[in-house]
Amino acid sequence: MIDEGATCQHSEAKVIHLTSEMVDEQDRLLPIANVGRVMRQILPPSAKISKEAKETIQECATEFISFVTAEASDKCYKENRKTVNGDDICWALSTLGFDTYAEAMLRYLHKYREFERQRVNQSKASNLENEAHTPIRVSTDSTDSDGSNLQPEKQSESPIAFEFRVLEKGQSSKIKPAAKG
């Protein structure tokens, strides 16, 4: 006699195992929507892409990225580093024989770093300029004798404005009167 309860439990365990394998596989792969979007950019607008084609490219692209990343990771491990950077990826591409991709990636990496440098410098300059020209307002509200219970500045009162300027070495801190004219 067959124990139907045991068979059912075994089947459920098999389904759960297969489902967890599928989830693990999906977590490992690139998102299929992104793969499809990249494929559509290359193909003519009227082209149709089957689900099977997307899945095949998804698997190939994921495998390629894993292959290159593993090579770069090995290099970092041998150099006792924990972080893989863009230069490591370019080195791995070249080492694996993908010189054309390595050269293109290196050019992109240099342009990206230059863009980031400019963006940071512009941000710093903008922040310094804003700090140099932003008046600090001090309220003339009264406080309790112990300095606590400060009241927020009221709209009707006119606050005293202080302006702080950033001075370069050798510049005078004295304010020159504005020319009347």
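For the structure itself, consult the block above.
Keep in mind that this is a model prediction, so the values were computed, not measured. (Residues numbered from 1 in each chain as written. Predicted model: local features only at pLDDT ≥ 70, side-chain atom pairs only at ≥ 80, totals over all residues. Heavy atoms only, no water.)

Digging into the overall build of the protein
Here's step 1: When its secondary structure is counted, the protein shows 5 helices and 2 strands.
Here's step 2: The secondary structure elements of the protein, listed N-terminal to C-terminal, are α-α-α-α-α-β-β.
Here's step 3: For the protein, buried positions account for 10% of its 181 residues.
Here's step 4: Contacts spanning at least 24 positions in sequence make up 37% of the contacts within the protein whose residues lie at least 6 apart. (Helix = DSSP H or I, 4+ residues; strand = E, 2+ residues; numbered from the N terminus. Buried < 20%, exposed > 50% of the residue type's maximum accessible area, 1.4 Å probe, protein only. Contact = heavy atoms within 4.5 Å.)

Quick look at the pattern of salt bridges
Here's step 1: In this structure the tally under the stated criterion is 8 salt bridges.
Here's step 2: Taking the shortest distance from any N to any O, the salt bridge between aspartate 88 and lysine 75 comes out at 3.3 Å. Highlighted residues: aspartate 88 in helix H4 (residues 86-95) and lysine 75 in helix H3 (residues 51-78), separated in sequence by 13 residues.
Here's step 3: In this structure, the salt-bridge partner of aspartate 88 is arginine 81, at a minimum N-O distance of 2.7 Å.
Here's step 4: Take aspartate 88: its relative accessible area is 2%, and that puts it in the buried class.
Here's step 5: Judged by its relative accessible area of 28%, arginine 81 falls in the partly exposed class.
Here's step 6: Connected through salt bridges with shared partners, the residues Lys75, Glu79, Arg81 and Asp88 form a single ionic network. (Salt bridge = Lys/Arg side-chain N within 4 Å of Asp/Glu carboxyl O.)

Re the packing of aromatic side chains
Here's step 1: Taken as a whole and judged by the stated rule, the model has 4 aromatic pairs.
Here's step 2: Grouping aromatic residues by their ring pairs yields a cluster made of Phe64, Phe98 and Tyr101.
Here's step 3: Lying across the ring of tryptophan 91, lysine 75 places its NZ or CZ 5.3 Å from the centre. (Phe/Tyr/Trp six-rings, centres within 6.5 Å; stacked < 30°, edge-to-face > 60°. Lys NZ or Arg CZ within 6 Å of the ring centre and 35° of its normal.)

Quick notes on a nonpolar patch on the surface
Here's step 1: Residues Phe64, Ile65 and Tyr101 make up a contiguous nonpolar surface patch of roughly 290 Å² in combined accessible area.
Here's step 2: Mapped onto the fold, tyrosine 101 is located in helix H5 (residues 99-133). (Patch = residues over 30% accessible without salt bridge, like charges linked within 9 Å, V, L, I, M, F, W, Y side chains within 5 Å. Areas by Shrake-Rupley, 256 points an atom, 1.4 Å probe, with all protein chains shown as cover.)

Concerning helix H2 (residues 32-42)
Here's step 1: Those residues of H2 not exposed but buried are Val35, Gly36 and Met39. Taken end-on, H2 shows its buried residues confined to a sector of 95°, consistent with a single buried face.
Here's step 2: Buried residues in H2 make contact with H3. (Arc of directions from axis to C-beta.)

Considerations on the packing of H2 against H3
When two helices pack together, their arrangement is given by the angle between the helix axes and by the axis-to-axis distance.
Here's step 1: Two elements in contact, H2 and H3, have axes separated by 9 Å at closest approach and are oriented at 105°. Taken together, the axis directions place H2 and H3 in an arrangement best described as roughly perpendicular. Touching Ile32, Val35, Gly36, Met39 and Arg40 of H2 are Ala53, Lys54, Glu55, Ile57 and Gln58, all from H3.
Here's step 2: Looking at the contact of H2 with H3, its residues break down into 5 nonpolar, 2 polar and 3 charged. (Axes fitted to C-alpha atoms, helices over the stretch in contact; angles between N-to-C directions. Parallel < 35°, antiparallel > 145°, perpendicular 65-115°, else oblique. Nonpolar A, V, L, I, M, F, W, Y, C, P; charged D, E, K, R; others polar.)

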